[in-house]
Amino acid sequence: MARRSHVQTTINGETVEFLCEPRQSLLEVLRDELHLTGAKEGCNNGNCGACSVILDGRLVNSCLVLGVETEGKSVETIEGLAAPDKLHPIQDAFLENAALQCGICTPGFIMSAKALLEQNPNPTEHEVRYWLAGNLCRCTGYDKIVRAVLDAAAAE
Amino acid sequence: MLENKEHKVIGTRPIRHDGVDKVTGRALYGADFQAAGLLHGRVLRSPHAHARIISIDTSRAEALPGVKGIVTAKDIPDAGDKIADLGEGAVNLKYLCDNILASDKVLYKGHAVAAVAATNPHIAEEACTLIDVEYEVLPPVLEVRQAMEPDAPLLHEHIRTTSLGETAEEPSNVASHIQHKLGDPEKGFAAADIVVEREFITGTVHQGYIEPHNATAHYNADGQLTIWCSTQGAFTVREQVAEILQYPISKIKVVPMEIGGGFGGKISVYIKPVAALLAKKTGKPVKVLMNRSDVFEGTGPTPASFIRVKMGATKEGKITAAEAYLAFEAGAYPGSPVGPGAMCIFAPYNIEHVIIDGYDVVVNKPKTAPYRAPGAPNAAFGSETVVDEIAEKLGIDPLEIRLLNAAKEGDRRADGPVHPRIGCIETVEAAKAHPHYTAPNGKKHHGRGVASGYWFNIGLESSVTINVNSDGTINLIEGSTDIGGTRASIAMQAAEVLGISAESVNPSVVDTNSVGYTAVTGGSRTTYATGYAAYEAAQDVKRQMIARAAILWEVDEANVQFADGEFSSINGKEEQISFRDLCGRLGETGGPIVGSGTVNPGGAGGAYATHVVDVAVDEETGKVDILRYTAVQDAGKAIHPSYVEGQIQGGAVQGIGWALNEEYIYNDEGTMTNASFLDYRMPTCLDLPMIDAVIVEVPNPGHPYGVRGVGEVPIVPPMAAIANAIYDAIGIRMTELPMSPDRLLKAMGKI
Amino acid sequence: MRDFSYIAATTIPEAVALLGEKGESARILAGGTDLIVQVREARRDVDWMIDIKSIPEVNVLDYNAATGLVLGAAVECYKIYANDAICDAYPSLIDATKIIGGTAIQGRAGVGGNLCNASPAADGIPPLIVLNATCVIAGPNGERELPVEQFCTAPGQTALQKGEMLVSLKIPAPESNSSSYYLRFIPRNEMDIAVVGAGASVTLDAAKETIVSARIALAAVAPTPLFAEEASALLAGREVSDEAINAAAEAAQAIARPISDMRGTAEQRTHLVGVLTRRALNGAIQRVQEAT
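Rules of the game
Residues numbered from 1 in each chain as written. Chains lettered and ligands numbered in written order. Predicted model: local features only at pLDDT ≥ 70, side-chain atom pairs only at ≥ 80, totals over all residues. Heavy atoms only, no water. Pairing = 2+ DSSP bridges. Helix = DSSP H or I, 4+ residues; strand = E, 2+ residues; numbered from the N terminus. Axes fitted to C-alpha atoms, helices over the stretch in contact; angles between N-to-C directions. Domains from an automatic or database assignment. Contact = heavy atoms within 4.5 Å. Buried area = accessible area lost by both parts, 1.4 Å probe. Salt bridge = Lys/Arg side-chain N within 4 Å of Asp/Glu carboxyl O. Polar contact = N/O pair within 3.5 Å; in protein donor to acceptor, adjacent residues only side chain to side chain. Nonpolar A, V, L, I, M, F, W, Y, C, P; charged D, E, K, R; others polar. Buried < 20%, exposed > 50% of the residue type's maximum accessible area, 1.4 Å probe, protein only. Parallel < 35°, antiparallel > 145°, perpendicular 65-115°, else oblique. Left-handed = near helix turned anticlockwise from the far one by under 90°. Core = buried A, V, L, I, M, F, W, Y, C linked by side-chain atoms within 4.5 Å.

### Description of the sheet that holds strand β2 (residues 26-29) of chain C
All names here are of chain C.
(1) Moving on: The strand order β1-β3-β2 describes an open sheet built from three strands, whose pairing is parallel. Among the strands making up the open sheet, the edge pair consists of β1 (5-8) and β2. Strand-to-strand twist in this sheet, taken as the mean axis angle between neighbours without regard to direction, amounts to 25 degrees.
(2) Moving on: Pairing between β2 and strand β3 (residues 48-51): four bridges, direction parallel. What sits directly across from Arg27, in β3, is Met49.

Put into structure tokens, the structure is as follows:
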């Protein structure tokens, strides 16, 4: 078996060290090694977006990144979004718009929406739908999710 | 029974109680469970759709470092011929066990054969590849009509068709035949000026919840088995596991974690007993997870079906007779939802003469499981397309013909029950008056379609307890796993009774040791039945609080009234105390108050929906785009309108997926070739417009606030509505689902 | 997932040496969006993943209006479409990079990886073909160049020899009065693999009425993406017209050798080649004509 590698990375602003096998994805490292279970596994092949995180400022599927690849990088996950006493505006917008039902896709959608609004603070409905197309939701029909993201953009 | 008064909490849109946990990633779902010393389990699945198992040799796998235990069907107690009653009807226990781990035959590609527990999931997966299974491959049968042929390969040697009380002598893949009859169909068709008869095919589709199945199990040294999992019903998991493992329910505790979607697909157990077996064998907690292809290939999809519908009408549009033939694929073991399909198919109409035949047929596909209004969408695709064709041929507006024939209170459904107060007419009228329906629709290759749907909804058992806190809040304990905001809709009903805010209720979904029996979150029953139990528990609290106020004021209980959150005395002393203040005085008036409510209500009100859809058809590629969608539905009473809208929107979009692209695609060997989210093609947000959800409220007399279940009926109309819209756009009747681009190209004669 | 080792190479010679040493069991890791899935699903046996993302040459994204584009093999899609000059010069490449997976995939996946994955349905390859791209390949014997249409040899197979790796793609500067277009047919609007893909580039005369030259390429209708050479040649010197475009579309259909699978049937694909070739050509022509 390949030796476990030592990796140092920044997660939600904190320096983190962990050991992982090369075959462990960033998603597995977050969940199984670091117990950050907000990122979810829905498909494990990049088709559902439930594991979306932001890697060095860019939205990625954490199931398609190896843990060892994050050496020296910066990872943002859903756990790092809210301030201790205040939710992020996107989180507020999801709650106010009832933009979640079962909630399993919600962390992925929120991270994806965050990445969108960082680079396009005033997206159109079509731009929101295009950007979020890699995130599957089976409960909501997306209506309230799209409204939440548009509301969050308007609020920011 | 109905409380016809203004509501303070019901009908408002508070933030759901579990919301913050779910937007911050803190909510713990089944796969998020962690434990010290945890082992990881993987299931080996059959590569063949139909084969006899000759032998299973696990020795190579056992030798792999890190492997801690392997189980096969031999580890499951012999079920014999026992029939188990699991609350939702009797189930042959051998079928149940064989679907967990195949004993003698594998009946579908993906059928579980063995399972491994190892120190990490990669080792468990590798060990699965080292298990040597010798198969005698048999020819599979993959389609319902082929399976019904007398010379079709037989899945089960012992199945004899039961038909209207008789059992056949020859073995068959047809497990059962049911029939419902009203009036004299021959006479009804003779009275018709127009008869339309068409055949329909629907594909196998999956619930498509984003969270794969999961289970972690642990045995204590005292024999206490605990299972942490996501499920639609912790108590049904307890019952199924107890039956499969022949283990007393008193020794099983099921802890429902948050659940990432179910839609009916997380009622049956698959890997929960497997995790328990592995935990027993290893003495360690074992977490078993499915991956996405396991979910597609190893868990219940909803059946493909062959349907024939014949309807007759007078030239004025009065439907005189209807006939349906429904043949549903059950998958590997009997038990398709052909029964509910037969109950729902003509339910939006009052038809004097009806005959419906339903067939439950086994095929070499995964055992089907419920999926949102199981059976009804398949059936409505047929009936609602035929109604549309009759309307078109008679030159009658398609919503007008529905109004002309609409079912109403006192009419009889073909399978027997007489409708109580229902909202069929009201939903069609609301659709007809909606600006979507009255907007022009004239562009070339654009079309508009409508369809209606029905789902009967269910009641079943629920239990709620309420602990009153000294600060005027309550803790509400319930057993219904919350898949779509039901903590809120249940809490709001208790809040309404007690005159407190929704935020003053802390709802908790707890394990099977901590609340009274509660049936599954399914059948659109949770807000109805568990909400009803919460109402009863709150009434219990109210009664006890009135007694405390009476003690406080030294008056007779009969002289205490409660309104708008205030207790006051009548007939004499002028005393008043708020709910909140009285909560602070429980200690001095007798101690804590715990209220409880249990129900098994019979008054679940049926739900109707009518959908309007505009489509654009690309005549060169066969692609259909949804331009506008309006879904009207009778909710009885919308407790939390946002989550009612969410159910309507979500159901409609699952229907859109079913209509346009979703299906299991099989090769000749019976392998599903698109077992991934990439190729199964569920709708993304870029495939959809906003979904306009219109709530109609015709209160259900069987619930104190008039609630009808809302979760299921929205998936019933979309397929027919879209087929009718495609017809409007290009003049072609699509009769096979999905109406995918290649099928449209063929229908248009382009290929 | 099978066990493998991971090495982050920092120079081309290091990566080339590793590839030579490890042979068939080694694979270059760039965006990983195909490779990681293939290894996880046991569709590719890999013992060594050689991460090249720290190598400067594979991260080059350099556009010069005179000399054209150098596109490093590991440059992610999002960097390509974030560059306005590249968007103007090579619109078909932009069409493709915006539809490869979803936005999260585009944060990792690149056109170079898309090419090396050698899927018949790759969206990134037809634009490279119609834009006349050249592959710059490093190997034990130094660098060599290869026209992109010769790079894929079979599904998942490329012209790379033992020890070789793709370093970059060179795309010539666009001629005046030229443009390009790529589209695919999928049943949904995103996240699907192309049922058929078609790319076209055209150069028109100064009056924008006559086609000087054109290139057409197809995806998902043969074991590799195809350069539709005859169909392209038919257009040279023709006036812009439905007739000319239809003739090219028919010629493109003639070379399609599609299969039926879960993503589409052979007859559907052949039909779509005609539809999409027309739409790609019209799209490219329209872009030239609308340019000021």
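Now, onward.
### Structural notes on the domain arrangement of chain A
Residues and elements named next belong to chain A.
(1) Moving on: Domains assigned within chain A are domain 1 (5-80) and domain 2 (89-155).
(2) Moving on: Placing the centre of domain 1 and that of domain 2 at their C-alpha centroids yields a distance of 21 Å.
(3) Moving on: The interface is formed by 13 residues belonging to domain 1 together with 14 residues belonging to domain 2.
(4) Moving on: Of the roughly 1100 Å² buried between domain 1 and domain 2, counting both surfaces, carbon and sulfur atoms make up 61%.
(5) Moving on: When residues of domain 1 are sorted by the area they lose upon contact with domain 2, Ile54, Leu59 and Ile78 head the list and together hold 39% of the total.
(6) Moving on: Between domain 1 and domain 2 we count one salt bridge in total.
(7) Moving on: Joining domain 1 to domain 2, the criterion identifies five residue pairs in polar contact (both at pLDDT 80 or more).
(8) Moving on: For the side of domain 1 that touches domain 2, the secondary structure elements donating two or more residues are β3 (52-55) and β4 (58-61).
(9) Moving on: Tallied by class, the residues present in the side of domain 1 that touches domain 2 amount to five nonpolar, five polar and three charged.

### Quick word on the domain arrangement of chain B
Residues and elements named next belong to chain B.
(1) Moving on: Parsing chain B into structural domains produces domain 1 (19-27 + 459-599), domain 2 (33-138 + 211-260 + 266-298) and domain 3 (305-412 + 421-457 + 605-747).
(2) Moving on: Centre-to-centre, using C-alpha coordinates, domain 2 lies 36 Å away from domain 3.
(3) Moving on: If you look at the interface, domain 2 gives 17 residues, while domain 3 gives 19 residues.
(4) Moving on: Buried surface at the junction of domain 2 and domain 3, summed over both partners, amounts to about 1500 Å²; 65% is from carbon and sulfur atoms.
(5) Moving on: Summed over the three residues of domain 2 that lose the most area to domain 3, namely Tyr95, Leu107 and Phe296, the buried surface amounts to 40% of that side.
(6) Moving on: On inspection of domain 2 and its partner domain 3, the count reaches zero salt bridges.
(7) Moving on: Counting across the domain 2 and domain 3 interface gives three residue pairs in polar contact (both at pLDDT 80 or more).
(8) Moving on: Secondary-structure elements contributing two or more residues to the side of domain 2 that touches domain 3 are α3 (93-100) and α9 (292-298).
(9) Moving on: For the side of domain 2 that touches domain 3, the element with the most residues is α9, which contributes five residues.
(10) Moving on: Looking at the side of domain 2 that touches domain 3 residue by residue, the classes come out as nine nonpolar, four polar and four charged.

### Points about the pattern of salt bridges
Pairing of side chains with opposite charge becomes possible as their charged atoms draw close.
Residues and elements named next belong to chain B.
(1) Moving on: The full count for this structure, using the stated rule, is 71 salt bridges over all chains.
(2) Moving on: A salt bridge links Asp132 to Arg60; the shortest N-O distance between them is 2.9 Å. Of this pair, Asp132 sits in strand β8 (residues 132-137) while Arg60 sits in helix α2 (residues 59-62), and the two are 72 residues apart along the sequence.
(3) Moving on: Overall, Asp132 belongs to the partly exposed group, its relative accessible area being 31%.
(4) Moving on: Linked through salt bridges whose partners overlap, the residues forming this network are Arg16, Asp18, Lys22, Glu258, Asp482 and Arg487.

### Topic: the sheet that holds strand β25 (residues 566-569) of chain B
All names here are of chain B.
(1) Moving on: Pairing is antiparallel across the open sheet formed by three strands, whose spatial order is β24-β25-β26. The open sheet terminates on both sides in strands that have one partner only, identified here as β24 (560-563) and β26 (576-578). With direction set aside, neighbouring strand axes in the sheet form an average angle of 20 degrees.
(2) Moving on: Of the strands in this sheet, β24, β25 and β26 are in contact with helix α16 (residues 526-553), which crosses β25 at around 45 degrees.

### Details of the packing of helix α3 (residues 106-119) of chain A against helix α5 (residues 143-155) of chain A
Residue and element names in this part refer to chain A.
(1) Moving on: At their nearest, the axes of α3 and α5 sit 11 Å apart, and the two run at 40 degrees to each other. In terms of orientation, α3 lies oblique with respect to α5. α3 and α5 meet at a crossing whose hand is right-handed. Contact with α3, carried on its side by Phe109, Ala113, Leu116 and Leu117, involves Ile145, Val149, Ala152 and Ala153 of α5 and no other residues of that element.
(2) Moving on: Tallied by class, residues from the contact of α3 with α5 come to eight nonpolar, no polar and no charged.

### Side note on the nonpolar core
(1) Moving on: One finds Phe94 of chain A together with Leu225, Met311, Phe346, Val615, Ile722 and Ile726 of chain B to be the most contacted residues of the largest nonpolar core, which totals 188 residues.
(2) Moving on: For Val615 of chain B, the contacting residues outside a window of four places in its chain are His445, His446, Gly447, Val624, Asp625, Ile626, Leu627, Ile722, Ala725, Ile726 and Ala729 of chain B.
(3) Moving on: If you look at the next biggest cluster of nonpolar residues, it comprises 85 residues, including Val65 of chain A together with Leu19, Phe151 and Cys152 of chain C.

### Observations regarding the interface of chain C and chain B
(1) Moving on: Contacts between chain C and chain B engage 22 residues on the former and 25 residues on the latter.
(2) Moving on: Where chain C abuts chain B, roughly 2200 Å² becomes buried across the two surfaces, and 50% of that area is made up of carbon and sulfur atoms.
(3) Moving on: The largest per-residue losses of area from chain C upon contact with chain B belong to Arg188, Asn189 and Met262 of chain C, which jointly make up 31% of the total buried on that side.
(4) Moving on: Between Glu620 of chain B and Arg279 of chain C there is a salt bridge, with its nearest N and O atoms 2.8 Å apart.
(5) Moving on: At seven residues, helix α11 (residues 266-290) of chain C tops the list of elements feeding residues into the side of chain C that touches chain B.
(6) Moving on: The residue inventory of the side of chain C that touches chain B, partitioned by class, reads ten nonpolar, four polar and eight charged.

### Digging into the interface of chain A and chain B
(1) Moving on: On the side of chain B, 58 residues touch chain A, which itself brings 51 residues to the contact.
(2) Moving on: A combined buried area of about 4400 Å² lies between chain A and chain B, and 60% of that area is made up of carbon and sulfur atoms.
(3) Moving on: Counting across the interface, chain A meets chain B through four salt bridges.
(4) Moving on: Between Arg138 of chain A and Glu662 of chain B there is a salt bridge, with its nearest N and O atoms 2.7 Å apart.
(5) Moving on: Mapped onto the side of chain A that touches chain B, the elements with two or more residues apiece are α1 (26-33), α2 (89-96), α3, α4 (125-131) and α5 of chain A.
(6) Moving on: Considered class by class, the residues forming the side of chain A that touches chain B number 22 nonpolar, 14 polar and 15 charged.

### Quick word on the packing of α3 of chain B against helix α7 (residues 234-245) of chain B
For any two helices packed against each other, the geometry comes down to the angle between their axes and how far apart the axes lie.
Residue and element names in this part refer to chain B.
(1) Moving on: Between α3 and α7, whose axes approach to 10 Å, the crossing angle comes to 95 degrees. With respect to their mutual orientation, α3 and α7 come out roughly perpendicular. Residues Leu93, Leu96, Cys97 and Ile100 of α3 form the contact with α7, whose own contacting residues are Gln240, Glu243 and Ile244.
(2) Moving on: Taken together, the residues of the contact of α3 with α7 sort by class into five nonpolar, one polar and one charged.

### Describing the environment of Ala347 of chain B
Residue and element names in this part refer to chain B.
(1) Moving on: Within the element layout of this structure, Ala347 appears in the loop between α10 (338-344) and β19 (353-362).
(2) Moving on: Distance in space between the C-alpha atoms of Ala347 and Ser452 is 9.7 Å, their sequence separation being 105 residues.
(3) Moving on: Setting aside chain neighbours within four positions, we find Ala347 in contact with Ala407, Arg413, His419, Tyr454 and Tyr608.

### Re the environment of Ala495 of chain B
(1) Moving on: With respect to the secondary-structure elements, Ala495 of chain B resides in helix α15 (residues 486-498).
(2) Moving on: Residues Ala495 of chain B and Thr630 of chain B, spaced 135 residues apart in sequence, show a C-alpha to C-alpha distance of 32 Å.

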